[in-house]
Amino acid sequence: MFKVNINAKEYASAADKSLLRFLRDDLHLTAAKDGCSEGVCGACTVLVNGIKKRACLLKLSQLAGKAVLTAEGIPAAEMRLYEYCFGQAGAVQCGFCIPGMVLSAKALLDANDSPTREQVKKAIKGNLCRCTGYQKIEDAILLAAEMRRSGTAIPQNRGNLHVMSEAIRFDAAPKVNGSGLYCDDLAIPGMVYAGALFSRYPRARVEKIDTSKAERHPACLRVLTRADVHCNKIGHILSDQDVMIGEGEITKYVGNILAVAAAENPEDLEEILSLIEVEYTEMPPVVSVAEARQPDAARVHPDMESNLLSLTRVKRGNIGEALRRSQYVVTQKYKTSWQEHGFLETECCVALPEGDDGLLILTGSQSVYDIQRECAQVLGLPLEKVHCRAPLIGGGFGGKEDSTVQPYAALMAWHLKRPVKFRFTRQQSLDYHPKRHPMEMEFTLACDAEGIFTAMRGVIAADTGAYASMGKAVVHRACVHAAGPYRYEAVDVEGRAYYTNNVPAGAFRGFGVAQSCFAIELNIDLLAEKAGLDPWEMRYRNAIRPGDVLPNGQIAGTDTNLQACLEALKPLYYANPKAGLACGFKNSGIGLGRPDIGRVLLSIEGGKVHVRTSAACMGQGLGQVMLTIVSEVTGLSAGQMVFEEADTVRTPDSGSSSASRQTLITGEAACRAAVQLGRALQREGALEALEGRTFYGEYSTETDGLDSGKEHPVSHVAYSYGAQLVILDVQGYVKKIVSAFDMGTPINVKAAEGQIEGGALMGLGFAVSERYVYADGYPQSKLADLGILRADKAPEQEVILCVSPESERLPYALGAKGCGELCAIPIAPACANAYYRRDGVFRQTLPLEGTPYCR
């Protein structure tokens, strides 16, 4: 028997298991998160005799006579201080890493009540955060230290919420203290566990699958194969994703699932799955775009004529004539690679029977309605029989848009009639879920003798991997934004997405624009040299202004404020001769003529307004945005409102949390519902008089497709614009990032800053350090070697919000446009520009070679 003292209580275990598993599985203390079980992420941080340790690396036998402290054991008064400080500083986004951060902070402050920022950075270096950029977490810890020293009382929360304020998020406290539940934290009586057998080869014919030995294993509850699937093809845009590969079928990549098994204990699954015997005929995989585009290339999808998924063309003006009349012309090739999302909560789903013939699915997804639809297809059930709900979501960044684990949990729960949990390990998540698209680009940029852009031509080829995922839309956005936020006489951009036997590529923060922005912005730097202009002046002369024609033909709105963003950075740019600069822009909403609808239902229940929408919050603070808009319009206080989790029964379908759409589109729906509620309040005088009533708001954008034939199509309802400045230190590390953004009206200033800082650091990783390796059809990377930046390498950040006076007159969401993707877009070319100005080496691939981060 192994004894251990946890939070001042004595416990015992017959098995010498890891501390993390004992905490979570036996004691149901879930503040310590399982982000990797490899000792890398720090989400499971605890204190052992006051020293921070990673619970996943400790066995119970190592803890005899020692005192373990988890977030649940921190005294209530002390925890309230952390709740306030992390909330006040804007340090909480998805929240998955925060309890571990709090333990690291406590270990530091118990030993040193006056730490410097550098000491704070060192203290949390072992804790990864993918959302915040670390700066606001550091601010929170420094604030906690100051309040501890001075004995400052915790202020009371303010009542009403206001646009452009810095209110503490309503979900901050449960994320800080660890009481908030993510999918893997759920423990349901009678729950069993499922796991999958993945393909051994990226491309092979499956000749035979023999599950008999596995089924005879005493712990095996059931094995499911292709024959148990009603509909085997799913997908959000194109239904080409195989749920399982059956006998006689050809695998598309090593993430294909051949069988799913279930057991009472997750420890038994590996052995059960190893007993499944599979006979393959291995086939040469298609592992590059160069191979995929060959006329005689093997077809990744045998039923298709070629490996071409999509072709996008954006053309305006006479490109040949404009190039001939140009004074200066630059043509260069560029290449970007995969990038891993790195959300700390891996994919997880719990499915269980509901009613006599229904199913409840609990999962962290960017769209519960997409999961409902695809799981219903897989099972052959009517939509109304599949109920999907989202607990807290530990980050997404586009990576939780596709179905991953959900169909398998649903299948097993349907067959067993029991609750089932299916979760990817960290390594499975790295190996199998969609990444950022690798792209190869050739861009030509031209200008006249005065440095005014005349023409831009681009050719883009993207590796979309084994399945379409969001590939068509990603390449489309890459093309539409390829010329940047500038004026031209003529533009001609062509983009293709190709299937390969590599890991699928899909939605990722920036949605293709980060790649094409890298290429166009570096061409601008070269063209500026030819024209005798510096990079700032070149961009300023050509920056899009209100009333100008965007590269896709759309007229820039009166709120367009890129000019102000550049002006805000001008003093710093010229004060730092080696600083790097780049601009970017990003659409809000799906646009391009496609339906794009936000829906919000306000219901008065128990004297409170329930704000109901399926729009998912993965950490970006969408719930706070909705509450703030309703409070601003109605005058109700935060205490009079409840934001409900996404639920296909309770919340109306507001589409996926992607395409920088929810703040604008669902925000406007909330505004419309709130206007109705406000009028009713004026008539009735009190909220109690409205008990039982509902108020519904809906907003649908009106946009044009690329083939609309209009001279000036409205491709998107709005665009955000921005410029980023990168300043290097003497060693060549990034010392400071300054982001000047036009994101319309910021609903919550602290949240907007946090989004920008987190996106900028993610973009910095894409630029200088992150490398996801995939070779010959096989994944090679582990979490520890991805190159995700930690706090000690995170630079200082400054955010400048350039709010146009016209923003308040925008006909949606109180003038908000959003910034969740834009913040990650210009940073890579800004870094490349800084290094070019530093050492004269022109770098055309990402991550940038020959820097202190990547030698």
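Report on the accompanying structure. Worth saying up front: this structure is predicted, and the values here are computed from it rather than measured.

## Concerning the environment of Ile-727
Thought 1: Among the structural elements, Ile-727 can be located in strand 27 (residues 718-728).
Thought 2: On the basis of relative accessible area, Ile-727 is assigned to the buried category, the value being 6%.
Thought 3: Between the C-alpha atoms of Ile-727 and Ile-737, which are 10 residues apart in sequence, the distance is 6.5 Å.
Thought 4: Each residue touching Ile-727, except ones within four places of it in the same chain, is listed here: Leu-572, Asn-576, Ala-579, Tyr-733, Val-734, Lys-735 and Lys-736.

## Section: unusual backbone geometry
Thought 1: Of note, the amide linkage connecting Leu-846 to Pro-847 takes the cis form, showing an omega dihedral of -5 degrees.
Thought 2: Positionally, Pro-847 belongs in the segment after helix 21 (827-839).
Thought 3: Within the chain, Ala-8 stands out as a residue other than glycine whose phi angle is a positive 70 degrees.
Thought 4: Structurally, the position occupied by Ala-8 is in the loop between strand 1 (2-6) and strand 2 (9-13).
Thought 5: For Ala-8, a relative accessible area of 70% translates into the label exposed.
Thought 6: One non-glycine residue, Lys-417, lies in the positive phi region at around 60 degrees.
Thought 7: Topologically, Lys-417 is positioned in the loop between helix 12 (406-416) and strand 18 (420-423).

## Quick notes on the pattern of salt bridges
Thought 1: Summed over the entire model, instances satisfying the criterion amount to 62 salt bridges.
Thought 2: One salt bridge in this structure joins Asp-34 and Arg-423, with 3.5 Å as the shortest N-O distance. One end of the pair, Asp-34, is in the loop between helix 1 (19-26) and strand 3 (45-48); the other, Arg-423, is in strand 18, and 389 residues separate them in sequence. The burial state of Asp-34 is the same as that of Arg-423; both residues are buried.
Thought 3: When the shortest N-O distance is used, the salt bridge between Lys-385 and Asp-357 registers 2.9 Å. Of this pair, Lys-385 sits in the loop between helix 11 (368-379) and strand 17 (386-389) while Asp-357 sits in the loop between strand 15 (348-354) and strand 16 (358-363), and the two are 28 residues apart along the sequence.
Thought 4: Overall, Lys-385 belongs to the partly exposed group, its relative accessible area being 29%.
Thought 5: Exposure remark for Asp-357: the relative accessible area of 39% places this residue in the partly exposed category.
Thought 6: Within this structure, Arg-21, Arg-24, Asp-25, Lys-33, Asp-34, Asp-184, Asp-185, Lys-421 and Arg-423 form a network of salt bridges that share partners.

## Remarks on the sheet that holds strand 15
Thought 1: If you walk across this open sheet you meet the 7 strands as 8-11-6-18-15-16-17, and the pairing is mixed. The open sheet is flanked by strand 8 (220-224) and strand 17, the only strands paired with a single partner. Averaged over all pairs of adjacent strands, the angle between their axes in this sheet comes to 25 degrees, without regard to strand direction.
Thought 2: Summarising the sheet, strand 16 and strand 17 pair through 4 bridges and their orientation is parallel. Paired with Leu-360 across the two strands is His-387, which belongs to strand 17.

## Comments concerning the packing of helix 16 (residues 535-542) against helix 17 (residues 562-575)
The relative placement of two packed helices is expressed as an angle between their axes plus a distance between the axes.
Thought 1: Here helix 16 crosses helix 17 at 165 degrees, and the two axes come no closer than 11 Å. Here helix 16 is positioned roughly antiparallel relative to helix 17, judged by the angle of their axes. Our pair here, helix 16 against helix 17, has a crossing hand that is left-handed. Packed against helix 16, whose contacting residues are Pro-535, Trp-536, Glu-537, Arg-539 and Tyr-540, the element helix 17 presents Gln-563, Leu-566, Glu-567, Lys-570, Tyr-573 and Tyr-574 at the interface.
Thought 2: Considered class by class, the residues forming the contact of helix 16 with helix 17 number 6 nonpolar, 1 polar and 4 charged.

## Remarks on helix 17
Thought 1: Here helix 17 is 14 residues long and its end C-alpha atoms lie 21 Å apart, about the 20 Å a rise of 1.5 Å per residue gives.
Thought 2: Every buried residue belonging to helix 17 is among Leu-562, Cys-565, Leu-566, Leu-569 and Tyr-573, and all of these are buried.
Thought 3: Looking at the packing, one finds that the buried side of helix 17 touches helix 16, strand 22 (580-588), strand 27, strand 28 (734-742), strand 31 (796-801) and helix 21.

## Focus: the packing of aromatic side chains
Each aromatic ring pair is summarised here by two numbers: the centre-to-centre distance and the angle between the ring planes.
Thought 1: By the definition in use, this model includes 24 aromatic pairs.
Thought 2: Considering the side-chain rings of Trp-338 and Tyr-774, the 5.6 Å spacing of their centres and the 50 degrees angle between planes classify their relative orientation as tilted. In this pair, Trp-338 is assigned in the loop between strand 14 (328-336) and strand 15 and Tyr-774 in strand 29 (residues 774-775), connecting sequence segments 436 residues apart. Grouping residues by exposure puts Trp-338 and Tyr-774 together as buried.
Thought 3: Taken together, Phe-198, Tyr-408, Phe-422, Phe-424 and Tyr-432 form an aromatic cluster joined through their ring pairs.

## A word on the side chain of Glu-347
Thought 1: Positionally, Glu-347 belongs in the loop between strand 14 and strand 15.
Thought 2: Lacking a salt bridge, the buried Glu-347 has Arg-426 as its closest oppositely charged neighbour, with an N-O distance of 6.3 Å.
Thought 3: Here His-433 takes part through its side chain, which lies 3.2 Å from a polar atom of the side chain of Glu-347.
Thought 4: With near-sequence residues (within four places) excluded, Glu-347 lies in contact with Thr-404, Val-405, Phe-422, Arg-423, Phe-424, Ser-429 and His-433.

## Observations concerning the nonpolar core
Thought 1: The biggest cluster of nonpolar side chains holds 205 residues, and the ones touching the most others in it are Phe-86, Ile-361 and Met-456.
Thought 2: Per element, the largest residue contribution to this core is 12 residues, and it comes from helix 15 (residues 513-531).
Thought 3: Excluding residues within four positions of it along the chain, Ile-361 makes contact with Cys-349, Val-350, Ala-351, Ile-371, Cys-375, Val-386, His-387, Cys-388, Arg-389 and Ala-410.
Thought 4: Val-163, Val-600, Tyr-812 and Ala-813 belong to the second largest nonpolar core, which has 39 residues in total.

## Section: the sheet that holds strand 23 (residues 597-605)
Thought 1: Spatial ordering of the open sheet is given by 25-24-23-26, a layout of 4 strands whose pairing is mixed. Two strands bound the open sheet, and with one partner strand each, they are strand 25 (641-643) and strand 26 (694-700). Strand after strand, the sheet turns through a mean of 20 degrees between neighbouring axes, direction not considered.
Thought 2: Of the strand pairs in this sheet, strand 23 and strand 26 are connected by 7 bridges, and their pairing is antiparallel. Opposite Gly-598, over in strand 26, you have Tyr-699 as the bridge partner.
Thought 3: Along the sheet face, helix 18 (residues 622-634) touches strand 23, strand 24 (608-612) and strand 25 and points at about 150 degrees away from the line of strand 25.
Thought 4: The sheet contacts of helix 19 (residues 662-684) involve strand 23, strand 24 and strand 26, and relative to strand 26 the element is tilted by about 145 degrees.

Rules and cut-offs
Residues numbered from 1 in each chain as written. Predicted model: local features only at pLDDT ≥ 70, side-chain atom pairs only at ≥ 80, totals over all residues. Heavy atoms only, no water. Helix = DSSP H or I, 4+ residues; strand = E, 2+ residues; numbered from the N terminus. Buried < 20%, exposed > 50% of the residue type's maximum accessible area, 1.4 Å probe, protein only. Contact = heavy atoms within 4.5 Å. Salt bridge = Lys/Arg side-chain N within 4 Å of Asp/Glu carboxyl O. Pairing = 2+ DSSP bridges. Axes fitted to C-alpha atoms, helices over the stretch in contact; angles between N-to-C directions. Parallel < 35°, antiparallel > 145°, perpendicular 65-115°, else oblique. Left-handed = near helix turned anticlockwise from the far one by under 90°. Nonpolar A, V, L, I, M, F, W, Y, C, P; charged D, E, K, R; others polar. Expected span 1.5 Å × (residues − 1). Phe/Tyr/Trp six-rings, centres within 6.5 Å; stacked < 30°, edge-to-face > 60°. Lys, Arg positive; Asp, Glu negative; His and termini not counted. Polar contact = N/O pair within 3.5 Å; in protein donor to acceptor, adjacent residues only side chain to side chain. Core = buried A, V, L, I, M, F, W, Y, C linked by side-chain atoms within 4.5 Å.

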